[in-house]
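Single-letter residue listing:
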Amino acid sequence: MMRLIPFLLVLLLVGSVAAQSVEEQKAAIMITSYQVSPEVLMPNDIGTITVTVKNMDPMESVKLTEASILERELKVLSTPYYNIGRLGPAESVELAFTIRAGYSEGIFYPRVVIEAEGAEIIRYQIPVKVDGTVLTLGVNKLPDELYQGERATVELVVGNPRPNTVTGVALSTAAREVIPTEVFLGTLASDDSKSASFNFTPETLGAETLNFAVAFKNGDNAHATTFQVPLTVLASKKSAELILTGIEVESTAGVSVYKITGDINNAGLEAARSVVLKIDEVAGVEPRDPYKSYFVGLLSPDDFSSFELDVKVDGNVTAVPLLIEYKDEEGNPFSLTEQISIESQPTSNSGEFPVSLIAVLVIVAVVIVGMIAYSWKKR
Amino acid sequence: MLIYQFVATAQIPQVTDPAEMAEIVTRWITENPMMWLSSIIGILFMLWSANIWVFGLKHARNLSTRNAVITVAIPVLAYIAYTVWQLGVLS
């Protein structure tokens, strides 16, 4: 009856823990369980094998003399245990061995050897899986078309096709047009997936590739894999399009001060916000009060607004740069410059003598000279 | 007539700066041909008036022609000089 107890106990352990088994039923000591961490190694990973050695004798203690692990494909990094000590009746001890996986994948069976005084040598083979499968990264959501300067949301999904759980999963990118640059996802169970969203605001037109990296830890081993998302950035079709019409330039007599008036129209399909018109300060051009700049504010599509600007220019300036600044719905600033030609208008002050007045002057002069001459001659 | 011609063709600028206003007025005076024409005609009529004053002074004060011319010439030349100087300084 006493000999059946260990056997029944081992059967119970096998039922509860799949990895448990019995190597030697007749021995006073036996390996009751083992644990491989991480459960599945990747090539060149470092892991541990922990075995639980139990003294099955309820009356006698056993002295453990040596414990070692043997394997060709897996490199054993830890040294064997010597003179472990006595194991009391029905007591157990855990022995851990450090191993490094090779570059080949598959299932390997390192052999754990336990030697004890007065007991048979236990040789126990532990299955260790080496699987090089890495996490997968895919695009979950992406707009059909990306437009320059317009913010788009790119949703990526990270999947774990590995047979074991990985930790410390983080998704990152070095692209400066992408926010946030890193998303931490944490633990990812086997055959599970998690998604992360990034805001992407393309600045350049044409083909562009976004590089993402997935970092994760398999046990204590850090791994990373990269993923590329090829994109094509198009010119925006819906952005605001501001145009100027009805431009009139009124000059002020005597000084080179001009009043520029006109209408600013939004011919685009999106509203332009915080629209401000101002004179760009260049050489020979100086904005003047009262309207150095003109604030229009919100300019809806198909809407327009009048504006007025005052500027003083030097004599050789023929065009004034008019700077239009506005923002889109997301607050991205835009600006464009229109050249307003300044036509010099002749004023009454700068003209020549009118012919009629010159004739009057000559007649008056002749009459006066004649009168003077006549008065002296008469005397 | 000249003043009317000058005022009718003048453009009144919208300025608020006093210094700028002074600049505009100066340019009006110096660059407007009407002002030059007005001054020249004024000088001509002043010469005509001086001629009349010479004879009037000669008979009223029993002066010789030479003395009457000198008497009238002093203020008239002073006026002409002032008028020319004013146009010259402003321009």
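Here, the structure is the one placed above.
Worth saying up front: this structure is predicted, and the values here are computed from it rather than measured.

## Section: the overall build of chain B
When its secondary structure is counted, chain B shows four helices and zero strands. For chain B, the α and β elements follow one another from N to C terminus as α-α-α-α. The proportion of buried residues among the 91 residues of chain B is 31%. Taking contacts inside chain B between residues at least 6 apart in sequence as the whole, the part at least 24 apart equals 48%. Total accessible area computed for chain B in this model is approximately 5800 Å², and 68% of it derives from carbon and sulfur atoms.

## Regarding the sheet that holds strand E6 (residues 81–87) of chain A
Residue and element names in this part refer to chain A. The four strands are arranged E6-E4-E9-E10 in an open sheet whose pairing can be described as antiparallel. Two strands in the sheet have a free side with no partner beyond their single neighbour: E6 and strand E10 (122–125). Taken pair by pair, the neighbouring strands of this sheet meet at an average axis angle of 25 degrees, ignoring direction. As paired strands, strand E9 (residues 111–116) and E10 are joined by four bridges and run antiparallel to one another.

## Some words on empty space enclosed by the protein
All names here are of chain A. Applying the stated rule across the entire model yields one cavity of 30 Å³ or more. Taken as a whole, the largest cavity spans an internal volume of roughly 40 Å³. As for the largest cavity, its lining consists of Ser239, Ala240, Glu270, Ala271, Tyr326, Asp328 and Phe334. Grouping the amino acids of the lining of the largest cavity by side-chain chemistry returns four nonpolar, one polar and two charged.

## Here's the deal with the sheet that holds strand E3 (residues 46–55) of chain A
All names here are of chain A. Here we have four strands laid out as an open sheet, ordered E1-E3-E7-E5, and antiparallel in their pairing. At either margin of the open sheet sits one strand with a lone partner, and together these are strand E1 (29–37) and strand E5 (75–76). One ladder, built from two bridges, connects E5 with strand E7 (residues 92–100); its direction is antiparallel. Bridge assignment links valine 76 to a residue of E7, and that residue is isoleucine 99.

## So, the pairing of strand E18 (residues 193–200) of chain A
Residue and element names in this part refer to chain A. Strand direction decides the pairing type here: strand E14 (residues 152–159) and E18, joined by eight bridges, are antiparallel. Counterpart to leucine 156 in the pairing with E18 is alanine 196. Taken together, the two bridges between strand E16 (residues 178–179) and E18 define a ladder with antiparallel strand orientation. Each bridged residue has a counterpart across the sheet, and for isoleucine 179 the counterpart in E18 is asparagine 199.

Analysis parameters
- Residues numbered from 1 in each chain as written.
- Chains lettered and ligands numbered in written order.
- Predicted model: local features only at pLDDT ≥ 70, side-chain atom pairs only at ≥ 80, totals over all residues.
- Heavy atoms only, no water.
- Helix = DSSP H or I, 4+ residues; strand = E, 2+ residues; numbered from the N terminus.
- Buried < 20%, exposed > 50% of the residue type's maximum accessible area, 1.4 Å probe, protein only.
- Contact = heavy atoms within 4.5 Å.
- Areas by Shrake-Rupley, 256 points an atom, 1.4 Å probe, with all protein chains shown as cover.
- Pairing = 2+ DSSP bridges.
- Axes fitted to C-alpha atoms, helices over the stretch in contact; angles between N-to-C directions.
- 1 Å grid on protein atoms, 1.4 Å probe; cavity = no way out; pocket = protein on both sides within 12 Å on 5 of 7 lines; lining within 4 Å.
- Points joined across faces, edges and corners; volume = space filled by probe spheres on them.
- Nonpolar A, V, L, I, M, F, W, Y, C, P; charged D, E, K, R; others polar.

Limitation: the analysis is restricted to geometry and does not speak to function.
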